[in-house]
Amino acid sequence: MAAGAGEAVVGCFRSMLAAVGLRGQPGAVEVQGSTGGMPGKVGDEGGPAVSHDLNIEGISKYFGPVQALAGVTFTVKAGEFVTLLGPSGCGKTTLLRIIAGFERSDEGHVRLGERLLDDLPANRRPVNTVFQSYALFPHLSVYANIAFGLRARHFAAAEVDKRVEFGLGMLQLDGLAERYPHQLSGGQKQRVALARALVNEPEVLLLDEPMSALDAKLRAEVQIEMRRLQRKLGKTFILVTHDQDEAMTVSDRILVMNQGRIEQIGTSSEVYEKPRNRFVAEFLGAANLIPAELVGPRTVQTALGMLELRADPRWERGTLAIHPERIEARRTPPKSNGVRVRVKDAVYRGDHVELLVEPGPLRVQAVPGINFEIGERLWLELPAERLEVLLD
Amino acid sequence: MSERRKIHPVVTMLALPSLLLLYLPLVAVAVYSVNSARIGLVWEGFTLRWYRELLHNEAMLDAARNTMILGLVSTAIATVLGTLLALGLARFPWPKPIARTLDVIVDLPVVTPDIIFAAAMVIAFSMLRSLWAGFVPGMLAMVIGHVTFQISFVALVVRSRLVLIGPTLMEAGRDLYASSFYLFRKVTLPLLLPAIVAGAMLAFTLSLDDFVISFFTAGPKSNTLPILIYSAQRRGLSPQIHAISTLIVILTVALVLGLERFTRYRKA
């Protein structure tokens, strides 16, 4: 779909909602008390008039003796696209489930603006989730799936209809309303899951690895589409993934998580270019880690020889990181930070040549064009401004 | 379509006698139910006379009525209780050891021999009679007896479906603003319905065919068809017994076929 058309559809969606008066009116989300035995109201804590920052304040969670989250604190600004990135078991999904209200934290608070969400059950939080397996209701049509959240709050049929229609349009699902989930492709299911969440106009949309079930090509398209959708809607999106490319493609900021802790928070380029520690450096872009010892002002001794740094590290012994594509391979000695190495392995990758060299071993991505022979001796330049000093 | 696999002759040689062994008695009963000979095993021509006579046999009609009342009432109660039991077992965050114990307790009536169960019922009711005189052998005791073993079967069927559905759809419903009641009505119940119907049909079939528990808990006025057939058999075979037996077999087969239809899980 062309960007212009998408904009038109989404713009239409927003103005329509404004026209029906669904945004910013607490009354609109009140239950009209038609079903016996239902507790009073749903979402009566005030409608999404203004967007709020989501504050995660010292969240800890234990599963028996296992600590899944260890005092996680951060803020997601209203309208921001934040990704929780980390290996499986790092606590990212648990954190998402705590925000959604499926799990309770053992310590800490979740706050949306000034409002404490801790004691609100999942069905009363202005937060919606796109599940990893989509979790579409198999017994309901696409239309009824998307309408579920609206009908559960007893919106008038006409309003439900308008919102669902716009949801279908926004995610290019026109003509699929009468289908059932088992009649949809993976990509279509994913878009239904997105529409089902977004028609509720949540303040925060949570996405639990929503692209893991798609094939690589479709995933790349969906990532771009997701980013565009988020920008248009201006909603807060929180994505959970273990895929660093996906995280860097879609996010305003990335939270790198490991073992229930946040290792680093920053923009894609910050966490990639300026990793704080070994975990982040290795997890994003598989950087080379070089143990080093401080021997003089801005000079360290490593297995590769003496290297110059931009600034003095804060340690006596520590680690340097450099991404493979930041190392320059050449046949003549560079002016500074030159290292004499021998090629152990060379793999042609089309847009670059992947070298494995000794000592190190170091991984280097060199521009193709030069033919590297295995066993050949080369010079590498490890530019001082590309050598990141890690904290550990 | 999957390709047709060759069947080894030994399989056929084993299967045919087994099927004969299983179905020959049933077929024999059906054949004699339309044999005009009153006594003996000689074929004397086709007749529906015994079926017509059934309609005028008061004891038989009474027993049929009792069987139906017992079956329907006990099934209705057991279906509700069994479903609730399955939901409670699956949903409540029981600690692991307790969950395991509960599973065993629920499954126990399925594997307990009927006769043990029935004897236990007799003892239980005689003890309960000291509390309330209403616990005499009869319809009430039979309904309670049947419900007691039916619950396990219903719970078993419903629980396996709950496990199949998994917790994510319920979370999705919650996430989409559904209250507990709305979630049950719009998600849990529709998804469980095939299992609930299957469980109910299984329970009804079991009640219909039950002899042992009925026999031990029945009162003088609450003969069911299995009990009637048993006592009639002792007086000698009657073609009417063949006729009613055939009808019960047909009803059971119909229920089992219906059950088959409902247990097939439509996958999303």
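Residues numbered from 1 in each chain as written. Chains lettered and ligands numbered in written order. Predicted model: local features only at pLDDT ≥ 70, side-chain atom pairs only at ≥ 80, totals over all residues. Heavy atoms only, no water.

**Points about the environment of A:Phe166**
All names here are of chain A.
Reasoning step 1: Tracing the backbone through its elements, the reader meets Phe 166 in helix H4 (residues 157-170).
Reasoning step 2: Take Phe 166: its relative accessible area is 22%, and that puts it in the partly exposed class.
Reasoning step 3: Each C-alpha atom, one on Phe 166 and one on Val 389, is 50 Å from the other, the two residues being 223 residues apart in sequence. (Helix = DSSP H or I, 4+ residues; strand = E, 2+ residues; numbered from the N terminus. Buried < 20%, exposed > 50% of the residue type's maximum accessible area, 1.4 Å probe, protein only.)

**Looking at the confidence of the model for chain B**
Reasoning step 1: Summarising the model, chain B shows a mean pLDDT of 86, and 95% of its residues fall at 70 or more.
Reasoning step 2: Per-element confidence in chain B is highest for helix H7 (residues 168-175) of chain B, whose mean pLDDT is 94, and lowest for helix H11 (residues 239-263) of chain B, whose mean pLDDT is 82. (pLDDT = per-residue confidence, 0-100.)

**What about the packing of aromatic side chains?**
The way to describe two aromatic rings as a pair is by their centre distance and the angle between their planes.
Reasoning step 1: Inspection of every chain in the model, using the stated rule, returns 10 aromatic pairs over all chains.
Reasoning step 2: With 5.5 Å between their ring centres and 15° between their planes, A:Phe279 and A:Phe283 make a pair best called stacked. Taken as a pair, A:Phe279 and A:Phe283 lie in helix H9 (residues 278-283) at a separation of 4 residues, close to a single helical turn.
Reasoning step 3: A relative accessible area of 22% places A:Phe283 in the partly exposed class.
Reasoning step 4: An aromatic cluster is present here, built from B:Phe211, B:Phe215, B:Phe216 and B:Tyr230 joined pairwise through their rings.
Reasoning step 5: Sitting over the face of the ring of B:Tyr177, A:Arg153 holds its NZ or CZ atom 3.8 Å from the ring centroid. (Phe/Tyr/Trp six-rings, centres within 6.5 Å; stacked < 30°, edge-to-face > 60°. Lys NZ or Arg CZ within 6 Å of the ring centre and 35° of its normal.)

**Let's talk about the pattern of salt bridges**
Residue and element names in this part refer to chain A.
Reasoning step 1: In this structure the tally under the stated criterion is 26 salt bridges over all chains.
Reasoning step 2: One salt bridge in this structure joins Glu 328 and Arg 330, with 3.9 Å as the shortest N-O distance.
Reasoning step 3: Among the residues examined, Arg 330 registers a relative accessible area of 25% and is labelled partly exposed.
Reasoning step 4: One salt bridge in this structure joins Arg 330 and Glu 381, with 3.2 Å as the shortest N-O distance. Highlighted residues: Arg 330 in strand S15 (residues 328-330) and Glu 381 in strand S19 (residues 377-381), separated in sequence by 51 residues.
Reasoning step 5: Residue classification places Glu 381 among the buried positions, given a relative accessible area of 15%. (Salt bridge = Lys/Arg side-chain N within 4 Å of Asp/Glu carboxyl O.)

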